[in-house]
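Here is how the chains run, residue by residue.
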Amino acid sequence: MTTTDTKITYYTLPLSGLSCQGCVKKVTKALEDIDGVRIEDVDTQSLSLETWGESEQYSLRQAVSAIESLGYHVGYRHHFTLSGLNCGRCVAKVEAALDEQPTVFTHAVSKTHAEVHTSLSADALIEIIHQLGYQAAHASDNDANVSTDNESPAQTDARNANPETSEASEASEASEAKSSSVDNPADSSKASRQQYVLSGMTCASCVQSVENAISGVDGVANVSVNLAERSAIVKGSASSDAIVAAVANAGYGAEKVEDDNDRRERQQTQQANELKNFKRSTFAGLGLGAPLMAWGVFGGSMTIQSSQDQWAWGAIAVVTLLLLATGGRHFFANAWQALMHKRATMDTLVALGTGAAWLYSTAVVIAPALFPEQARHVYFEASAMIIGLISLGHAIEARARANTSKALDQLLDLQPPTALVIENGQETERPLDEVKQGMTLRVKPGAKVPVDGEVVDGSSYIDESMLTGEPVPVHKTAGDTLHAGTVNQKGGLTFKATGVGSDTMLARIIDLVREAQSSKPELAKLADRISAVFVPIVVAIAIVTAAIWYFVGPEPSVSYMLVTATTVLIIACPCALGLATPLSVTAAVGRAAEVGVLIRDADALQTAAKLHTLVFDKTGTLTRGQPEVTHVNAIHGDQERLMAIAASLEQHSEHPLAQAIVGYAKQQTLSLPTSNDFNNESGKGIQAKIEGERYYIGNQAWMQAQGIDTDAHQTDIDAMTQRGETAIYLANADSVQALIGVSDPIRDDAIDAIARLQQQGLEVIMLSGDHPDTANSIGRQLGIDHVIAGVLPDGKSEQIQSLQQQGKCVAMVGDGINDAPALAQADVGVAMGSGSDIAIESAQITLMHQHLGALADAIGLSQAAVRNMKQNLFGAFIYNTLGIPIAAGILYPFTGMLLSPVIAGGAMALSSITVVTNANRLRFFKIKSDDK
């Protein structure tokens, strides 16, 4: 770090958790709007920036906070044991010294320990503390979840994974840390991905609390909490015990699950228990509250006017208390937990509202003389009805929430629970988790393949439509690859397990869908920011409302005060706000997976909805990627004989065009003559003797080099070029014998898919390395007007960047391998997958079924999902924006009416039900393929 005379300070900060250029772009975007910060350079390992002005330290910490809010880590988290600190002043002295360091972002200091989040080395911090007259030492670190000195979470991961080499690498790792270099944690994070089923969460503020608690555990690189599923996905090196303890300390419950089947089983058990409890509370609450409400509606007295009323309503008070202690117990228990952790949740509002109504009513019953005669009204029916209505809403919501994960459950059901293992010549049916890599298995006709493997013996047809979308079964024999979840048709197969558990293709797809469903789009961040302060603001509004009605409201002011304050508390439920985006994301990602579209995260879903331009790589995307002979012009002689000669020449070449000619000969079952005196000149052509005569095959330059005239055939050549074909000449020593047109055929679904995308208002561009004439010819056939030809693979990303500089939101569609730089540069990368690992890892969206039409479906679904999220958020905001003032009595001066707490409870439940129902509409999003 150096400071110039212009008061500009330069910092280099280590980063971890960034695994691709998409992550880098997110960090860059997050820092663009922070005043006093300018990015010098950023990659997946470090960030260089400069700050200036009087608030440069604040700006730096803003930058760090912005990066960590994205789920990435900046700097290191050091742990020290302290000695020599005898009082609070000593602690304050250390804290002040740390505060003076601009690269100390956060710290927690006690008389015996210190935890510091900084980009400084541990030795530098120890020296700062020593200069104050105190002693500091590295904290003993027996727990794998605590990063050791000068280690990022990624380095801790590596150390824990390789304990035998930790001592040997310690010096080099410390050196790398001091130079602000951290290891890329992509692999380690992926390897240490953990799933948890959560309990006790009820609203968006709970999500924020749980995320903060887990993020505070050392070694956690990223955490995503899903309110809709009551689950969390945690990446990093933190131990499960530390995470469970952190969640428990925050007032919630967490159980680690080993795999998705385990998660599903526990979630189903949890959902069944929740539904059972909610039903019980609903029946109890409505069973007590409805008769009491009916009594009041049909003329019964709800006031205390005599001792008989006291005894009667006293009995009802006891019964209502029993209801609150049983059916409403979880509201009060959760509210107490929240209070103990100095936060407020939805349960806080419900507990305050129902508790205040019961306490007020009980006070009126016990001592009516303390209240004005007009204020001796009891509200036991409100407490009971609110418990019943909110429980009813939760029950309906829980049932609907379970439906949003059905798509993932269908993927899980593709894999059978058992496998036939061959051991010592005997077949044994074993649970799937007992199958190990290298075992020999058998799959019978009609059965599902249990794990990935390689066929050892047998022959059969395998239905791979779940991976490729192709309805025609694929013939499999010895040496061919099998994938878990595919279906064996008729024959029996013996195969060797090559991928089991989380290493199967199906498991990786399920992981991708699962993580995408748990991710958060940009829209969700608005809801998170609001939910963090929502409940305290509502409590404040309720207090102000109560004060206004008590001091300036009409008589009985006490009753009006109670009704309005309780109604405000009950109606202002943040449930709908918390469910608005995660349910939409879960439903949309699941629906996409059903049709073979894998969406990596919610940001990709949101970005895909606002695309302007789609850039297609030609080869393997718009075309089949396998050149074929599409035209043969036999000039002198029989076509079959000439093609046999051409194949005989080309069979010694590995060039794709040569393979196309050989493939044509095989398809026509041509008998190839023997060739000798073979000579191949790379990039030009081939010559050899066949039956004593020398033949030449190659391009026009090769023919001209041999002195063979091609001018007479220029018209035919031009026609081939117009059709998008590459012309190959076959000649003998005298003249051209045949012209062979080879092209990469356009995919069967490409023309229709391009037309659909253009109908959606998208600009479609084709990138190709072909000659402009050939590329433009293919573009015309596809209906693409904008063709960029002659582009080398390393120039594709530059073309994407050029389009982005024009203000366009760009998606790149490629094969996921040689297009990786362009896929990373684009706002959304779309890979044609066919189940390949590289395709899944290289893009934000993968078309597993290889149908281009699925891209139009995916974009349409993304647009529908974003609309759905906006509808949910708008509904939640409008509900609270209008509901709270009405509950506070803003309409009373005009209408003379107040909103009943019971109606508020019903409205609150209805808001959550509405959001859940609206999100579930995405499960039935119309896909064009549904019509077939």
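Residues numbered from 1 in each chain as written. Predicted model: local features only at pLDDT ≥ 70, side-chain atom pairs only at ≥ 80, totals over all residues. Heavy atoms only, no water.

S.K.: Please clarify how the overall build of the protein chain should be interpreted in this entry.
M.R.: Within the protein chain, the regular secondary structure consists of 34 helices and 34 strands. Taken across its 932 residues, the protein chain has 53% of its residues classed as buried. In the protein chain, of all internal contacts separated by at least 6 residues, the share reaching a separation of at least 24 is 69%. (Helix = DSSP H or I, 4+ residues; strand = E, 2+ residues; numbered from the N terminus. Buried < 20%, exposed > 50% of the residue type's maximum accessible area, 1.4 Å probe, protein only. Contact = heavy atoms within 4.5 Å.)

S.K.: I tried to follow unusual backbone geometry on my own but got confused; where do I start?
M.R.: Where the residue is not glycine, phi is negative for most of them; where a peptide bond is considered, it is trans in most cases. With an omega of -5°, the peptide bond running from Glu555 to Pro556 counts as cis. Locating Pro556 in the fold gives a position in the loop between helix 18 (522-552) and helix 19 (557-571). Even without being a glycine, Asp677 presents a positive backbone phi close to 50°. Relative to the elements of secondary structure, Asp677 occurs in strand 25 (residues 675-681). On the accessibility criterion, Asp677 (46% relative accessible area) is partly exposed.

S.K.: Explain the sheet that holds strand 28 (residues 726-732) to me, please; I cannot follow it from the model alone.
M.R.: Backbone-to-backbone hydrogen bonds join strands into a sheet, with any given pair of strands oriented parallel or antiparallel. Strand order in the open sheet formed by six strands is 24-29-28-27-26-25, with antiparallel pairing between adjacent strands. One side of each edge strand has no neighbouring strand; the edge strands of this open sheet are strand 24 (628-634) and strand 25. Neighbouring strand axes in the sheet, compared pairwise and without regard to direction, differ in orientation by 15° on average. Bridge analysis of strand 28 against strand 29 (residues 736-743) gives six bridges, and the strand direction is antiparallel. By the bridge assignment for strand 29, Ala731 is matched with Val736. (Pairing = 2+ DSSP bridges. Axes fitted to C-alpha atoms, helices over the stretch in contact; angles between N-to-C directions.)

S.K.: Explanation requested: the confidence of the model for the protein chain in the structure shown.
M.R.: Close inspection of predicted coordinates is inappropriate in any region flagged by low pLDDT. Scored by pLDDT, the protein chain comes out at a mean of 78, with 84% of its residues at no less than 70. Across residues 1-5, confidence stays below pLDDT 50; counting only partners more than four residues off in sequence or on other chains, it has nine contacts. The model gives residues 140-191 a pLDDT under 50, and that stretch makes 100 contacts with residues more than four places away or in other chains. (pLDDT = per-residue confidence, 0-100.)

S.K.: Please explain the nonpolar core as it appears in this structure.
M.R.: In a soluble, globular protein the nonpolar side chains are often hidden away together inside. Within the largest apolar cluster, 58 residues are counted, with the highest numbers of intra-cluster contacts made by Val597, Leu611, Leu614, Phe616, Leu757 and Leu855. The greatest single-element share of this core, amounting to ten residues, is contributed by helix 32 (residues 853-888). Not counting the four nearest positions on each side in its chain, Leu611 is found in contact with Leu762, Cys809, Val810, Ala811, Val828 and Ile859. In terms of nonpolar packing, the next biggest core, distinct from the first, is built from 49 residues, Ile304, Ala357, Val568 and Met908 among them. (Core = buried A, V, L, I, M, F, W, Y, C linked by side-chain atoms within 4.5 Å.)

S.K.: What am I meant to see in the packing of aromatic side chains here?
M.R.: Per the counting criterion, the structure on display carries six aromatic pairs. Taken together, a centroid distance of 5.1 Å and an interplanar angle of 85° make the contact between Tyr550 and Phe551 edge-to-face. Of the residues examined, Tyr550 reaches a relative accessible area of 42% and is grouped as partly exposed. On the basis of relative accessibility, which here comes to 65%, the residue Phe551 falls in the exposed class. Ring pairs connect the aromatic residues Trp549, Tyr560 and Tyr892, which therefore count as one cluster. (Phe/Tyr/Trp six-rings, centres within 6.5 Å; stacked < 30°, edge-to-face > 60°.)

S.K.: Please clarify how the pairing of strand 6 (residues 104-109) should be interpreted in this entry.
M.R.: In regular strands, side chains alternate between the two faces of the sheet. Sheet topology note: the strand 6/strand 7 (residues 113-118) ladder contains five bridges and is antiparallel. Paired with Val109 across the strands is Ala114, a residue of strand 7.

S.K.: Just checking my understanding: could you explain the side chain of Asp452 for this structure?
M.R.: Mapping Asp452 onto the fold places it in strand 16 (residues 452-458). Not counting chain neighbours up to four residues away, the residues in contact with Asp452 comprise Leu482, His483, Ala484, Phe495, Lys496, Ala497, Thr498, Gly499, Asp503, Thr504, Met505 and Arg508.

S.K.: So what exactly am I meant to see when it comes to the environment of Lys448 here?
M.R.: Secondary-structure assignment places Lys448 in the loop between strand 15 (440-443) and strand 16. Judged by its relative accessible area of 33%, Lys448 falls in the partly exposed class. Along the chain, Lys448 and Asn488 lie 40 residues apart, while their C-alpha atoms are 6.1 Å from each other. Setting aside anything within four residues of it in sequence, one finds Lys448 in contact with Asp413, Leu414, Pro416, Val443, Thr486 and Val487.

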